[in-house]
Amino acid sequence: MIGERLVRRAATSRGFLKVAPHAVPALDRAVHRLSRGRVLLSAQMLPGAILTSAGARSGLPRRTPLACMPQEDGWLLVGSNYGRSDHPAWTYNLLRHPDAEISWKGRDIPVTARLLTGAERAAAWRQLLEFWPPYATYQERVERELRVFRLTRA
């Protein structure tokens with residue numbers, strides 16, 4: 001458990017939050033491509049997947065490595081953007097084009113995304129905080145409400 005505590009502390013440190021938004025996705029995409037979808041570096045801390053969604057404006061495919069919370073019927077995604085002030089681009093993509101694909105454990109799975117609101121979001125948020133407590137720190141650092149999406153198999 002000490003290792004897990006250290007990882008959680010590091011995930012909310014100022015230094016990590018400055019470097020991670022740029023370095024982690026680039027490394028994840030490269031390793032994912034080289035391993036033919038079998039490995040994500042960030043998944044060593046938290047379950048991860050590659051989301052492929054259509055760009056909100058361009059409609060072109062956008063591949064984004066993301067932490068996710070697997071569930072029996074799909075996955076939960078949080079638009080934390082590492083606690084930065086803006087919503088991440090992938091959340092706009094899903095709002096505009098909810099049909100997407102997730103690469104999960106080397107398999108590409110068609111999914112439909114739905115933004116959670118109200119009581120459903122509150123219940124999911126409680127589960128997410130138990131799963132990865134640093135989300136609370138990310139939420140405290142911004143004025144916006146972090147977007148939470150549920151992905152279900154299409």
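First, a word on what this report is: a plain description of the structure on this page. Predicted model only: the values in this text are computed from it and were never measured.

About the thresholds
- Every chain is numbered independently, its residues counted from 1 as its sequence is written.
- Two thresholds apply to this predicted model, a pLDDT of at least 70 for residue-level local features and 80 or more for giving and counting side-chain atom pairs, whereas whole-chain, interface and lining totals are computed over all residues.
- With hydrogens and water excluded, all non-hydrogen atoms of the structure serve as input to the side-chain values.
- We count a salt bridge whenever a side-chain nitrogen from Lys or Arg sits within 4 Å of a carboxyl oxygen from Asp or Glu.
- The helix and strand labels rest on DSSP assignments: H or I over at least four residues marks a helix, E over at least two residues marks a strand, and numbering proceeds from the N terminus.
- To sort residues, take the accessible area from a 1.4 Å probe on protein chains only and compare it with the maximum for the residue type: under 20% means buried, over 50% means exposed, and anything in between is partly exposed.
- Patch members must show over 30% relative accessible area and no salt bridge, and they are joined within 9 Å when carrying like charges or within 5 Å when they are nonpolar side chains of Val, Leu, Ile, Met, Phe, Trp or Tyr.
- Accessible surface area values rest on a Shrake-Rupley calculation with a 1.4 Å probe, where residue burial reflects the displayed protein chains alone.
- Any two strands with at least two DSSP-identified bridges between them are counted as paired.
- Between N-to-C directions, angles cover 0 to 180 degrees, with each direction set by a line fitted to C-alpha atoms, over the stretch in contact for helices.
- The criterion used for residue contact is that any of the two residues' heavy atoms lie within 4.5 Å.

This paragraph deals with the pattern of salt bridges. Going through the model one piece at a time under the given rule, you end up with 3 salt bridges. Two residues, Arg150 and Glu120, come together in a salt bridge whose shortest N-O distance is 4.0 Å. Residue Arg150 is located in strand S7 (residues 147-153), and its partner Glu120 is located in helix H4 (residues 118-131); the two are separated by 30 residues in the primary sequence. With a relative accessible area of 33%, Glu120 lands in the partly exposed category. For the salt bridge of Arg121 with Glu145, the shortest nitrogen-to-oxygen distance reads 3.4 Å. With Arg121 in helix H4 and Glu145 in the loop between helix H5 (134-140) and S7, the pair connects residues that are 24 residues apart, well separated along the chain.

Together, Tyr92, Leu95 and Leu115 make up a nonpolar patch on the protein surface, roughly 250 Å² of accessible area in all. The topology assignment puts Leu115 in strand S6 (residues 107-115). A relative accessible area of 32% means that Leu115 is categorised as partly exposed.

Below, the discussion takes up the sheet that holds strand S5 (residues 99-104). Pairing is antiparallel in the open sheet, where 7 strands are placed in the order S2-S1-S5-S6-S7-S4-S3. Both outer strands of the open sheet, strand S2 (61-67) and strand S3 (69-71), are each paired with one neighbouring strand and no more. Along the sheet, successive strands turn relative to each other by an average axial angle of 30°, direction set aside. As defined by bridge partners, S6 adjoins S7 across 5 bridges and the pair is classed as antiparallel. Bridged to Leu115 within S7 is Phe149. Against the sheet, helix H3 (residues 89-96) makes contact with strand S1 (48-54), S2, strand S4 (74-79), S5, S6 and S7, and its axis sits at roughly 55° relative to S7, the strand it touches most.

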